[in-house]
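If you want the building blocks of each chain, they are given just below.
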Amino acid sequence: MRNLAPPRAEASTDTRFAPARMRRTVLEMAYAGSTVHIACAFSIIELVTVLYRNHLRYPGNDPRAAGRDYLVLSKGHGVMAQYACMHELGWLDDSHIQGYFKDGSELKGLSDSRVAGLEVTSGSLGHGFSVGVGIAMGLQRKGTDQKVYAIVGDGELNEGPIWEGALVAAHHRMDNLMLIVDKNGFQAMGTTDDVLALGDLTAKFTSFGFETLEVDGHDEAAIDIAIRQLWAAGAGRPKALIARTVKGRGVPFMESDNRWHYTRLNPQTFAEAIAALGIPGASK
Amino acid sequence: MREAFSNALVRLALADPKVLLLTGDHGYALFDEFRKRCPGQYINAGIAEQNMVGMAAGLARVGFRPFVYGLAAFVPIRTVEQIKLDIAHDDLPVVLLGDGAGFVYSHLGTSHQSTEDIACTRAIPGLKVLSPADRFEMTASMDYAYSVNGPVYLRMGKSDRGDVHTGPINSFSSGQLLKVRRGKVDLPGLIATGSMVSTAVDIAQELDLSVWSAPMVKPLLKDDVCAAASGSNGLVTLEEHSVLGGLGAAVTEITSEHHPTRVLRLGVPDRFSEYCGTHAYLLREHGLDIETVRNRISEFSRTVALGAHSVASS
């Protein structure tokens, strides 16, 4: 094991991006739009919470600020989690949430780069990471301290361009790039072990030349520490954070039940899911 | 023509440090000058074209001007989805350079031949498609591709067919046909692109036909095509590309709607190469050698003339 900088969790008084409230936003969107991919969003809620609250810099709270950090959601299926963050930031308002999927709406069911706040058009998997590698290369050439985070699904790791990009990132010593794997163990048709086994991801990315850490992807403090450790360690090496997550996390009847990749909410399941979040006064 | 390409690339890169050349481990001798003069702007992205094109999108997002080079069989064909989603969807200023288009790699077989690249790229919204015929069109195309500040596919085919134009092209505008030769108005006019312009000129000199070169297949100016149609008796399109979806399709899309005209589309039939051989051999295999093309144009010319006669006499 490499010696990493000692953990230094930073207490935050920022009440934005509370995971339960973000999950409620996702449920409200999904219910309003009768959409799928709820479980894909729930597995990355804590990851995006920590990124937006503690790490991503948007000068002037401008999603298109030239000096921003970049969050590339390569697994575009989790986009409702990012919408929830954008709602917390005031980039989206309640009408976006309640009007999700209405005819003529701007917010799509997968990440679309034309929406301010989203950096890539993804959902066709294996695209976003390569774009993120290009952004990181560009920022590196410019000599800025901006960072690029790319969230990929573990199922998405089936895609070849991810590994092409990993080679390039290591070869060009992109230490401004962090790949975050949402390792929820499922892909569309089953578990990742059953469909196409990924093996030891930490060993794989380490062997590719990445500074790699594994973390409980629902433990905010642990995620925060791991991200800080990765940035502090291994100059000249890209970073990989392998986040062990639970697909559908937060609503017990959705957890690790792959039907919630595809299932739409009805009035009853919506009410049950909201209740399961345990938010006082959230009984609508 | 390849020297014109290299010179233009070096000139653009020296003038603008944001210009980057990305190659998928191709262009061995072609980029010697570029690597010597602009070493910091040269990126060999490895034999990983999909990632390379996605990466070019990322570089363009933060202000760079990537030129992405590959064989046309790989850029654009292998990477059509990256071009569509990562580049064209956001109108990013990336120039895609597809070399060896058509049957340049005549001995290597289907994997390195590319006769579907115009069709695939032409349907991608906002993507411009260039197909220069000689060194003068190449220089103008490269300057245009840089100046347009949006997504461009530049197709480079067989490059040793000699000059079509007599000198530099000063008025190169979007979608225009370049008049190469004026012939008889009661005979078919030829509209050709890339390597086939030279063939068109050779035949036109024998038969006294008009020839236009189409250095840009998309966009293609409606008025120019209609003017060519009205200045000829029928049109023949020539391209080292499938008869489906390329220049012939682009021309007939315009004429069928705006200027009904008989159009003979000469290109690669809807099939793969069966054998290998010289470039000239493969043109023969696909009916694009000068004898076959001349015969088909003559036959078309007679048919069109008869058609006109039968209409006139009815």
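### Quick word on the overall build of chain B
Consideration 1: On a plain count of helices and strands, chain B comes out with 11 helices and 12 strands.
Consideration 2: Relative to its length of 314 residues, chain B is compact, with a C-alpha radius of gyration of 19 Å against a globular reference of 20 Å.
Consideration 3: Principal axes of the C-alpha set define a box for chain B whose edges measure 70 × 40 × 35 Å.
Consideration 4: Here chain B holds 314 residues, and 56% of them are scored as buried.

### Considerations on the overall build of chain A
Consideration 1: Regarding its fold elements, chain A presents 11 helices and 7 strands.
Consideration 2: Against the 2.2 N^0.38 benchmark of 19 Å for 284 residues, chain A shows a C-alpha radius of gyration of 18 Å, consistent with a compact globule.
Consideration 3: Along the first, second and third principal axes, the C-alpha atoms of chain A reach 50 × 45 × 35 Å.
Consideration 4: Long-range pairs, those at least 24 residues apart, make up 77% of the contacts in chain A between residues at least 6 apart in sequence.

### Focus: the interface of chain A and chain B
Consideration 1: Counting residues at the interface gives 21 residues for chain A, matched by 21 residues for chain B.
Consideration 2: At 10 residues, the largest contribution of residues to the side of chain A that touches chain B is made by helix H6 (residues 128–142) of chain A.
Consideration 3: Among the residues forming the side of chain A that touches chain B, the class breakdown is 8 nonpolar, 10 polar and 3 charged.

### Observations regarding the domain arrangement of chain B
Residue and element names in this part refer to chain B.
Consideration 1: Partitioning chain B into domains gives domain 1 (2–155) and domain 2 (178–313).
Consideration 2: Computed over C-alpha atoms, the centres of domain 1 and domain 2 are 27 Å apart.
Consideration 3: Counting residues at the interface gives 23 residues for domain 1, matched by 30 residues for domain 2.
Consideration 4: Elements with a contribution of two residues or more to the side of domain 1 that touches domain 2: helix H5 (117–122), strand E5 (128–130) and helix H6 (135–147).
Consideration 5: Taken together, the residues of the side of domain 1 that touches domain 2 break down into 9 nonpolar, 9 polar and 5 charged.

### Considerations on the pairing of strand E4 (residues 95–99) of chain B
Residues and elements named next belong to chain B.
Consideration 1: In terms of burial, E4 is a largely internal element, 5 of the 5 residues being buried.
Consideration 2: Residues Val 95, Leu 97 and Asp 99 of E4 are buried on one face, and the alternating residues Leu 96 and Gly 98, pointing to the opposite face, are buried as well.
Consideration 3: Bridge analysis of strand E3 (residues 65–71) against E4 gives 5 bridges, and the strand direction is parallel. Of the residues in E4, the one forming a bridge with Gly 70 is Gly 98.
Consideration 4: In this region the chain leaves E3, passes through helix H4 (residues 80–87) and returns to the parallel neighbour E4; the handedness of that crossover is right-handed.
Consideration 5: When E4 meets strand E6 (residues 152–155), the two strands line up parallel, connected through 4 bridges. Its bridge partner being in E6, Val 95 is matched across the sheet by Val 152.

### Brief notes about the nonpolar core
Consideration 1: Within the largest apolar cluster, 182 residues are counted, with the highest numbers of intra-cluster contacts made by A:Val26, A:Leu241, B:Ala56 and B:Val68.
Consideration 2: Three or more residues apiece are contributed to this core by two domains, here domain 1 (2–155) and domain 2 (178–313) of chain B.

### Describing the sheet that holds E5(B)
All names here are of chain B.
Consideration 1: Here we have 7 strands laid out as an open sheet, ordered E2-E1-E3-E4-E6-E5-E10, and mixed in their pairing. Both outer strands of the open sheet, strand E2 (42–44) and strand E10 (216–218), are each paired with one neighbouring strand and no more. Strand-to-strand, the axes of this sheet are offset by a mean angle of 20°, without reference to chain direction.
Consideration 2: Bridge analysis of E5 against E6 gives 3 bridges, and the strand direction is parallel. Following the sheet pairing, Leu 130 is matched in E6 by Leu 154.
Consideration 3: Most of the contacts of H6 go to E6, to which it runs at about 165°, and overall it touches E4, E5 and E6.

### Quick look at helix H3 (residues 49–61) of chain B
All names here are of chain B.
Consideration 1: Counted at 1.5 Å a residue, the expected span for H3 with its 13 residues is 18 Å, and the 18 Å between its end C-alpha atoms agrees.
Consideration 2: Extensive coverage of H3 is indicated by the burial of 13 of its 13 residues.
Consideration 3: Looking one or two residues beyond H3, the residue adopting positive phi is Gly 63, at roughly 105°.

### Some details on the sheet that holds strand E7 (residues 239–244) of chain A
Backbone-to-backbone hydrogen bonds join strands into a sheet, with any given pair of strands oriented parallel or antiparallel.
Residues and elements named next belong to chain A.
Consideration 1: Read from one edge to the other, the open sheet built from 5 strands follows the order E1-E2-E3-E7-E6, with strand pairing classed as parallel. Pairing within the sheet leaves two strands with one partner each, and these edge strands are strand E1 (70–73) and strand E6 (211–216). If you compare each strand with its neighbour and ignore which way they point, the axes differ by 20° on average.
Consideration 2: Bridge count between E6 and E7: 6 bridges; the pairing is parallel. Bridge pairing in E7 links Thr 212 to Ala 240.
Consideration 3: Lying on the sheet, helix H10 (residues 220–232) is in contact with strand E3 (177–183), E6 and E7; it crosses E6 at an angle near 175°.

### Some thoughts on helix H9 (residues 247–258) of chain B
Consideration 1: An ideal rise of 1.5 Å per residue puts 16 Å on 12 residues; H9(B) measures up with 17 Å between its terminal C-alpha atoms.
Consideration 2: On the buried face of H9(B), the contacting elements are H5, strand E8 (189–192), E10, helix H8 (222–230), strand E11 (235–242) and strand E12 (263–268) of chain B.

### Some words on the confidence of the model for chain B
Residues and elements named next belong to chain B.
Consideration 1: Mean pLDDT over chain B: 96, with 98% of residues reaching 70 or higher.
Consideration 2: Confidence over residues 309–314 falls short of pLDDT 50; this stretch has 0 contacts with residues more than four positions distant or in other chains.
Consideration 3: On the interface metric, ipTM, the complex scores 0.93, and its pTM is 0.94.

### A few points about the environment of B:His112
All names here are of chain B.
Consideration 1: Topologically, His 112 is positioned in the loop between E4 and H5.
Consideration 2: Looking at His 112, the number of C-beta atoms within 10 Å reads 16, which means it is partly exposed.
Consideration 3: The spatial distance from the C-alpha of His 112 to the C-alpha of Thr 292 is 25 Å, given a sequence separation of 180 residues.
Consideration 4: His 112 has contacts with Leu 71, Ala 73, Gly 100 and Tyr 105, leaving out every residue within four places of it along the chain.

### A few points about the pairing of E3(B)
Two faces make up the sheet, and in a regular strand the side chains alternate between them.
Residues and elements named next belong to chain B.
Consideration 1: Counting buried residues along E3, 7 of its 7 residues qualify, which places the element largely inside the surrounding structure.
Consideration 2: Note: strand E1 (residues 19–23) against E3, 5 bridges, orientation parallel. Bridge pairing in E3 links Val 19 to Arg 65.

### What about the packing of helix H1 (residues 2–15) of chain B against H6(B)?
Residue and element names in this part refer to chain B.
Consideration 1: Taken N-terminus to C-terminus, the directions of H1 and H6 make an angle of 30°; their axes are 9 Å apart at the nearest point. In terms of orientation, H1 lies roughly parallel with respect to H6. Between H1 and H6 lies a crossing whose hand is right-handed. Contacts from Ala 4, Phe 5, Ala 8, Leu 9 and Leu 12 in H1 reach Arg 135, Met 138, Thr 139, Met 142, Asp 143 and Tyr 146 in H6.
Consideration 2: When the residues that make up the contact of H1 with H6 are grouped by side-chain class, the tally is 8 nonpolar, 1 polar and 2 charged.

About the thresholds
Residues numbered from 1 in each chain as written. Chains lettered and ligands numbered in written order. Predicted model: local features only at pLDDT ≥ 70, side-chain atom pairs only at ≥ 80, totals over all residues. Helix = DSSP H or I, 4+ residues; strand = E, 2+ residues; numbered from the N terminus. Rg over C-alpha atoms; globule rule 2.2 N^0.38 Å. Buried ≥ 20, exposed ≤ 12 C-beta atoms within 10 Å, placed from the backbone. Contact = placed C-beta atoms within 7 Å. Nonpolar A, V, L, I, M, F, W, Y, C, P; charged D, E, K, R; others polar. Domains from an automatic or database assignment. Pairing = 2+ DSSP bridges. Right-handed = clockwise from strand over helix to strand, strands pointing away. Core = buried A, V, L, I, M, F, W, Y, C linked by C-beta atoms within 7 Å. Axes fitted to C-alpha atoms, helices over the stretch in contact; angles between N-to-C directions. Expected span 1.5 Å × (residues − 1). pLDDT = per-residue confidence, 0-100. Parallel < 35°, antiparallel > 145°, perpendicular 65-115°, else oblique. Left-handed = near helix turned anticlockwise from the far one by under 90°.

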